Amino acid sequence: MTMEFTDRVTRVEPSATLAISALATELEAEGTDVVDLSVGEPDFPTPENIVEAGKAALDAGHTGYTTSAGILELREAIAEKLEEDGLEHTAGEIIVTPGAKQALYEIIQALVQDGDEVVLLDPAWVSYEAMVKMAGGELTRVDLSPHDFQLEPALEDLGTAITDETELLVVNSPSNPTGAVYSDAALEGVRDLAVEHDVTVISDEIYKEITYGVEQTSLGTLEGMAERTVTVNGFSKAYSMTGWRLGYFAASEDLIDQAGKLHSHSVSSAVNFVQHAGIEALENTDEAVEEMTEAFEKRRDLVVDLLADHDVDVAVPDGAFYMMLPVADDDQAWCEGAIEDAHVATVPGSAFGTPGYARISYAASEERLHEGIERLAEEEYI
Ligand SMILES: Cc1ncc(COP(=O)(O)O)c(C=O)c1O
């Protein structure tokens, strides 16, 4: 039998990162030591108090379904956290999801349909493109790479990209894959365009807690943005909880009502005991988050210095745990070569819409970062 697949799935490409991870797995199976700088997750264990809260919730029997939007206590804790960031949302304007990825999927499914225009800032996290395509949307991409990945100098280009036809803009600051934190002036520019053309904006703030010496302003705090911003966040990065799968979004009640239907008819809810651990994460983990962020900052400085020793200049990131390394025009071939010859895994920039770069994740120990950069230099990849 030949199965007929939908346009919705066949128009999406498999992730360009797959070729690299397949090569890495093959080499590791042969016993090769690969320095993996391709990972999108913190290398720290989940803080102990959160693990204990998860175990206690299991012991207390929190193993059944919860309200689809998430337990009230967690949504109230999220509302409080958002208030500290200057965002006013009631618990009723929040949906708790199994990971921020599910939040983004539900929002895009609720807002984008065939032919709708969606604007992305390149390089952009890989799944935005796939999610928009699955929803039938058309992409317009604004390239930030000529501007050291900053948004402010690209506002004119954004002004050309956004028209009255635009349905949605996605902003991700701090950014994956660049680590850029957009300035307040840049966000005000976004606001002016969004208001002028009546555009909804997703503000993906999953790296908000991981910044170095700067603060990320939440887009929804800007005048005129509260009603048109959907704020997405999650526990994976700040609390090193990738495998727990916990995220959320906050939006106006009408979007919550519509996306809530998708949520209840697909995942039902996030995992019950994980939601209880999420409350502990939000309420009692500031110190651990600070320590992890300090470690990331030290590693960022180390990688920037090591690259500078080899005369490689990078746009120094102010947040997240990634940076973009300028490489050969054929970045896919460069990344494949780097893993085959130097045994260092990175992600090609073309996976994020920006060829000519490789994304380095510095969520690795200082020793491994040293090793990785030295190997790239020895094999003349930098
Ligand atoms: C920019 C961005 N948004 C959302 C996510 C989704 O994170 P999760 O589903 O683990 O919460 C990621 C994960 O890599 C990300 O980098």
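Peer 1: Is there a simple way to explain the sheet that holds strand β7 (residues 229-234) in this structure?
Peer 2: Strand pairing in a sheet relies on backbone hydrogen bonds. The paired strands run either parallel or antiparallel. With mixed pairing, seven strands are arranged side by side in an open sheet as β2-β8-β7-β6-β5-β3-β4. In this open sheet, the two strands that pair with only one neighbour each are β2 (94-97) and β4 (138-143). When strand polarity is set aside, the average angle formed by the axes of neighbouring strands in this sheet is 20°. Two elements, strand β3 (residues 117-122) and strand β5 (residues 166-172), share four bridges in a ladder whose sense is parallel. The residue bridging Leu-120 from the neighbouring strand is Val-170, located in β5.

Peer 1: How should the site of the ligand be read in this particular structure?
Peer 2: Of all residues adjacent to the ligand, which total 13 residues, the nearest are Gly-99, Ala-100, Lys-101, Gly-234 and Ser-236. Across the shell around the ligand, the residue classes tally to three nonpolar, eight polar and two charged.

Peer 1: In this structure, what is going on with the domain arrangement of the protein chain? I would like to understand it.
Peer 2: According to the domain assignment, the protein chain contains domain 1 (7-45 + 287-378) and domain 2 (60-284). Here domain 1 and domain 2 have C-alpha centroids that lie 24 Å from each other. On the domain 2 side, the residues contacting the 30 residues of domain 1 number 34 residues. Sorting the residues of the side of domain 1 that touches domain 2 by element identifies α11 (286-309) and β9 (322-326) as the ones contributing at least two each. Ranked by residue count, the leading element in the side of domain 1 that touches domain 2 is α11, at six residues. For the side of domain 1 that touches domain 2, the class distribution of residues is 16 nonpolar, seven polar and seven charged.

Peer 1: What should I look at first to understand unusual backbone geometry in this one?
Peer 2: One can expect most non-glycine residues to show negative phi and most peptide bonds to be in trans. A cis amide bond links Ser-173 with the next residue in sequence, Pro-174, at an omega value of -10°. With respect to the helices, strands and loops of the structure, Pro-174 is situated in the loop between β5 and α8 (184-196). Of note, the phi angle at Ser-240 is positive, near 50°, even though the residue is not glycine. Within the element layout of this structure, Ser-240 appears in the loop between β7 and β8 (247-250). Ser-240 gets classed as buried once you count the C-beta atoms within 10 Å, which come to 23. Of note in the backbone geometry, Ser-268 takes a positive phi value of approximately 70° without being a glycine.

Peer 1: Would you explain the environment of Ile-107 in this entry?
Peer 2: The topology assignment puts Ile-107 in helix α5 (residues 100-111). By C-beta crowding, Ile-107 is classed as buried, having 27 other C-beta atoms within 10 Å. Distance in space between the C-alpha atoms of Ile-107 and Gln-258 is 8.9 Å, their sequence separation being 151 residues. Excluding its chain neighbours within four sequence positions, the residues that come into contact with Ile-107 are Ile-202, Val-230, Phe-249 and Ala-259.

Peer 1: Would you explain the packing of α5 against helix α9 (residues 253-266) in this entry?
Peer 2: Two measures define how a pair of helices packs: the angle their axes make with one another and the distance between the axes. Running from N to C, α5 and α9 point in directions that differ by 115°, and their axes come no closer than 9 Å. Classed by the angle they form, the pair α5 and α9 counts as roughly perpendicular. Crossing hand, α5 versus α9: right-handed. Along its contact with α5, which presents Glu-106, Ile-107, Gln-109 and Ala-110, the element α9 presents Leu-255, Gln-258, Ala-259, Leu-262 and His-263. Its residues assigned to classes, the contact of α5 with α9 shows five nonpolar, three polar and one charged.

Peer 1: How should the sheet that holds strand β11 (residues 347-348) be read in this particular structure?
Peer 2: Strand order in the open sheet made by the three strands is β9-β12-β11, with antiparallel pairing throughout. With one partner strand each, in any of the chains shown, β9 and β11 form the two edges of the open sheet. With five bridges joining them, β9 and strand β12 (residues 357-361) adopt antiparallel strand pairing. Among the inter-strand pairings, Leu-325 is bridged to a residue of β12, identified as Ala-358.

Peer 1: Quick question: what am I supposed to make of the environment of Thr-242 here?
Peer 2: Considering the arrangement of structural elements, one finds Thr-242 in the loop between β7 and β8. Sequence separation between Thr-242 and Gly-40 is 202 residues; the distance between their C-alpha atoms is 9.3 Å.

Peer 1: Is there a simple way to explain the nonpolar core in this structure?
Peer 2: The biggest cluster of nonpolar side chains holds 117 residues, and the ones touching the most others in it are Leu-104, Ile-107, Ile-108, Leu-169, Ile-202 and Phe-249. Two domains share this core, each providing at least three of its residues, namely domain 1 (7-45 + 287-378) and domain 2 (60-284).

Peer 1: Can you help me understand the pairing of β12 in this one?
Peer 2: Where a strand is regular, its side chains alternate between the two sheet faces. Judged by how many residues are buried, β12 sits mostly within the fold: five of five residues are covered. Where burial is concerned, the two faces of β12 agree: the one with Tyr-357, Arg-359 and Ser-361 and the one with Ala-358 and Ile-360 are both buried. Taken together, the two bridges between β11 and β12 define a ladder with antiparallel strand orientation. Residue pairing in the sheet places Pro-348 in a bridge with Ala-358 of β12.

Each value, and the rule that gives it
- Residues numbered from 1 in each chain as written.
- Predicted model: local features only at pLDDT ≥ 70, side-chain atom pairs only at ≥ 80, totals over all residues.
- Pairing = 2+ DSSP bridges.
- Helix = DSSP H or I, 4+ residues; strand = E, 2+ residues; numbered from the N terminus.
- Axes fitted to C-alpha atoms, helices over the stretch in contact; angles between N-to-C directions.
- Near = placed C-beta within 6 Å.
- Nonpolar A, V, L, I, M, F, W, Y, C, P; charged D, E, K, R; others polar.
- Domains from an automatic or database assignment.
- Contact = placed C-beta atoms within 7 Å.
- Buried ≥ 20, exposed ≤ 12 C-beta atoms within 10 Å, placed from the backbone.
- Parallel < 35°, antiparallel > 145°, perpendicular 65-115°, else oblique.
- Left-handed = near helix turned anticlockwise from the far one by under 90°.
- Core = buried A, V, L, I, M, F, W, Y, C linked by C-beta atoms within 7 Å.

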